[in-house]
Amino acid sequence: MKHHLHLVLILILALCSEMISGCASAPEKSLKTNGFTLSYKDKFSLGSPTSKIQLSHPLKMSESDVRSHLESLMFEELSLFGKKKHVFLPEDIDRIARLLTKALKHVPSHKIIHYELETSGGTTEGDIFASKELIHWRFSSIKGMGFSLRSYTGWGNANWRMVPQSGQRFHATTNLMGTRAQENWIIAKLVPSKTNKRPRQKNSRLSKNKTKAPSRAPAKEADSPAKISDPALEEKLQLLKDLHEKNLIDEKEYDQKRKELLDAYL
């Protein structure tokens, strides 16, 4: 009888052990909707830069402020046609702003927000978290272009880098080689700067003006050197036109690049 009870106790302990082990190894829960994946990760998952940061979670932030931050985030491609671009398009912001606002209000004190957004140009992936009066936007890829961790150590080449706007700066790390900015990591005040919205408003006015005058020929207007005062813009437009005439890029690519150049310079 004692031997039988001993075996039963051993079996119960074994089952409890399996249950505890199963709970500990359970994967992080994530939300997937409309090409957008949202999850919480332990801050130590990003390594020493974030493990030393004292997080201020959960964070009460209005959806309006979250949208302002999303609108202000800009990057530039390190290529021939490299120029400043918004990380998130208006339609992207409409898809994710409310969900990010809710996530910030419920993220545990030791967790960070991780997301993956499918866009027409590729996946934009990153992490969001707050410390004291600051919010951190750390990107690992933008529109399908990854950012190598070697890029900000001086031993690799990056496809892009963030462009700090008013009230923003790079996160910097210090090691034996000195202090170096991490160009995929933007820090900003929780209350966004109002001036960060100006670039997008300018683009909106430009689009509105184009809508009012559909009869005008945009291709000829854009390519006319007489109306261009910036030599760099003229050179890029001419190169773009040459590529199109040689059939190296199609009509759609030509129109898209031309519009992007004009939006950046005008």
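As the structure is a prediction and not an experimental result, all values here were calculated from the model.

J.: Teacher, can you tell me more about the overall build of the chain here?
T.: When helices and strands are tallied, the chain shows 8 helices and 11 strands. Within the chain, buried positions represent 36% of all 266 residues. Taking contacts inside the chain between residues at least 6 apart in sequence as the whole, the part at least 24 apart equals 60%. For the chain, the exposed surface amounts to about 16,400 Å²; the carbon and sulfur share of it is 56%.

J.: Help me understand the sheet that holds strand 4 (residues 84-86), please; the structure alone is not making it clear to me.
T.: What links the strands of a sheet is backbone hydrogen bonding, and the strands pair in either a parallel or an antiparallel sense. With antiparallel pairing, the 3 strands of this open sheet are ordered in space as 4-3-9. Whereas interior strands pair on both sides, the edge strands pair on one side only; in this sheet they are strand 4 and strand 9 (160-162). The mean angle between the axes of side-by-side strands here comes to 35 degrees, regardless of whether they run parallel or antiparallel. Here strand 3 (residues 74-77) pairs with strand 9 via 3 bridges, running antiparallel. Looking across to strand 9, one finds that glutamate 76 is bridged to arginine 161.

J.: Is there a simple way to think about helix 4 (residues 90-106) in this case?
T.: Here helix 4 is 17 residues long and its end C-alpha atoms lie 25 Å apart, about the 24 Å a rise of 1.5 Å per residue gives. In the structure, helix 4 departs most strongly from a straight axis at isoleucine 96, where the bend amounts to approximately 40 degrees. Among the residues of helix 4, Asp92, Ile93, Ile96, Ala97, Leu100, Thr101, Ala103 and Leu104 are the ones counted as buried. Where the residues of helix 4 are buried, they touch strand 2 (36-42), helix 3 (63-72), strand 5 (111-119) and strand 6 (122-131).

Cut-offs and rules
- Residues numbered from 1 in each chain as written.
- Predicted model: local features only at pLDDT ≥ 70, side-chain atom pairs only at ≥ 80, totals over all residues.
- Heavy atoms only, no water.
- Helix = DSSP H or I, 4+ residues; strand = E, 2+ residues; numbered from the N terminus.
- Buried < 20%, exposed > 50% of the residue type's maximum accessible area, 1.4 Å probe, protein only.
- Contact = heavy atoms within 4.5 Å.
- Areas by Shrake-Rupley, 256 points an atom, 1.4 Å probe, with all protein chains shown as cover.
- Pairing = 2+ DSSP bridges.
- Axes fitted to C-alpha atoms, helices over the stretch in contact; angles between N-to-C directions.
- Expected span 1.5 Å × (residues − 1).
- Bend = angle between axes of the 7 residues up to and from the residue.

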